[in-house]
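Results of the structural survey
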Amino acid sequence: MSVATTAAPLAVTRSGRDRADHGLFRARELGSTTVLVAAAGEIDASNSGDLLSYLEALLPGHDQLVLDLSKLSFFGIDGFSALHTVGSRCSRRGVDWVLVPGPEVTRVLRVCDPEAQLATAGNIVSAMAVLARGPHTHLQLAPLPK
């Protein structure tokens, strides 16, 4: 199994709303306070922390996050743990977020989030529509077992 790796997180350029490409992850501002982060390749135990680090660097200054994981070719259980952490961090910061899952992520969500507590949308346009409807109170996910 090949794994994409990344170096230190790269911040989004706010003035030109340019894309910031960074290996496995890409970021682009969709508005003055909304950032889109898309991932490609695989998310597993070896790089789920990279996703968290990348998002942590991008969240300051944004009120909304669209996390597009629709193009992943593999999404492991450690990826769900990372999503759980993203939800907690967004909640603490008051960031409203929506996940765009692909088939690999949906498969894991069926098992790990059977009550659909994570806000999801079928595509980026739908995710923006969800965010446009206003702030959402995401259910608090139970802590993951250790």
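Within any chain, residue numbers begin from 1 and follow the written order of that chain's sequence. The model is predicted, so local features are restricted to residues of pLDDT at least 70 and side-chain atom pairs to those at 80 or more, both for listing and for counting; the totals for chains, interfaces and linings are taken over all residues. No hydrogens and no water enter the side-chain calculation; it runs on all heavy atoms of the structure.

- Under the annotation held in an unreviewed UniProt entry, the protein carries the name STAS domain-containing protein and is attributed to Mycobacterium pinniadriaticum.

1. Overview of the overall build of the protein
- For the protein, the helix and strand inventory stands at four helices and five strands.
- Going from the N terminus to the C terminus, the protein shows its helices and strands as β-β-β-α-β-α-β-α-α.
- Expressed as a percentage of its 146 residues, the buried residues of the protein come to 43%.
- Of all intrachain contacts in the protein linking residues separated by at least 6 positions in sequence, the fraction that spans at least 24 positions is 62%.
- To measure how exposed things are, a 1.4 Å probe is used in the Shrake-Rupley method; for residues, cover is taken only from the protein chains shown. Accessible surface, the protein: about 7,500 Å² in total, of which carbon and sulfur atoms supply 54%. Put simply, DSSP marks the helices as runs of H or I at least four residues long and the strands as runs of E at least two long, and each gets a number from the N terminus on. The classification of residues rests on relative accessible area computed with a 1.4 Å probe and restricted to protein chains. Under 20% of the type maximum is buried, over 50% is exposed, and intermediate values are partly exposed. Throughout, a residue-residue contact means that at least one pair of heavy atoms, one from each residue, lies within 4.5 Å.

2. A word on the confidence of the model for the protein
- Chain-level statistics for the protein give a pLDDT mean of 81 and a share of 75% at 70 or above.
- The pLDDT score gives, residue by residue, the confidence of the prediction method on a 0 to 100 scale. Confidence drops under pLDDT 50 across residues 1-23; counting only partners more than four residues distant or on other chains, this segment forms 55 contacts.
- Here residues 137-142 is a poorly scored stretch, pLDDT under 50, and it has eleven contacts once near neighbours within four places are set aside; other chains count.

3. Re the environment of Asp 113
- Within the element layout of this structure, Asp 113 appears in the loop between helix H3 (103-112) and helix H4 (124-132).
- Nitrogen and oxygen atoms within 3.5 Å of one another constitute a polar contact, given that in protein one can donate a hydrogen and the other can accept it, and given that sequence-neighbouring residues count only through two side-chain atoms. A polar contact is formed between the side chain of Asp 113 and the backbone nitrogen of Leu 118, at a distance of 3.0 Å.

4. Quick word on the packing of helix H1 (residues 48-58) against helix H2 (residues 77-93)
- Simply put, an axis is a line fit to the C-alpha atoms, just over the touching stretch for a helix, and the angle between two N-to-C directions goes from 0 to 180 degrees. Relative orientation of the contacting elements H1 and H2 amounts to 20°, with a least axis distance of 9 Å. Between H1 and H2, the crossing angle belongs to the class labelled roughly parallel. Seen along the crossing, H1 lies across H2 with a hand that is right-handed. For the pair H1 and H2, contact is made by Ser 48, Leu 52, Leu 55 and Glu 56 and by Asp 78, Gly 79, Ala 82, Thr 85, Val 86, Arg 89 and Arg 93, respectively.
- Broken down by class, the residue content of the contact of H1 with H2 amounts to four nonpolar, three polar and four charged. We call two directions roughly parallel when the angle between them is under 35 degrees, roughly antiparallel when it is over 145, roughly perpendicular when it lies between 65 and 115, and oblique otherwise. In this scheme the handedness of a crossing depends on how the near helix is turned from the far one: anticlockwise by less than a right angle means left-handed, clockwise means right-handed. Asp, Glu, Lys and Arg are counted as charged, while Ala, Val, Leu, Ile, Met, Phe, Trp, Tyr, Cys and Pro are counted as nonpolar; the rest, among them Gly, fall into the polar class.

5. Considering the pairing of strand E3 (residues 34-43)
- A large share of E3 lies buried, amounting to eight of its ten residues.
- Note: strand E2 (residues 25-29) against E3, five bridges, orientation antiparallel. Its bridge partner being in E3, Arg 26 is matched across the sheet by Ala 38.
- In short, DSSP must find at least two bridges between two strands for them to pair. Where E2 folds back on E3, the antiparallel hairpin that results is connected by four residues.

6. Notes on H2
- Multiplying 1.5 Å by the residue count of a helix minus one yields the expected span of that helix. End to end, H2 covers 25 Å across 17 residues, agreeing with the expected 24 Å (1.5 Å per residue, within 8%).
- Among all positions in H2, only Gly 79, Phe 80, Ala 82, Leu 83, His 84, Val 86, Gly 87 and Cys 90 are buried.
- The inward-facing, buried residues of H2 contact E3, H1, strand E4 (64-75), strand E5 (96-101) and H3.

7. What about H1?
- Those residues of H1 that sit buried are Ser 48, Leu 51, Leu 52, Tyr 54, Leu 55 and Leu 58. Seen from one end, H1 has its buried residues packed into an arc of 165°, which puts them on one side. Think of it as the arc spanned by the lines of direction from the helix axis to the C-beta atoms.

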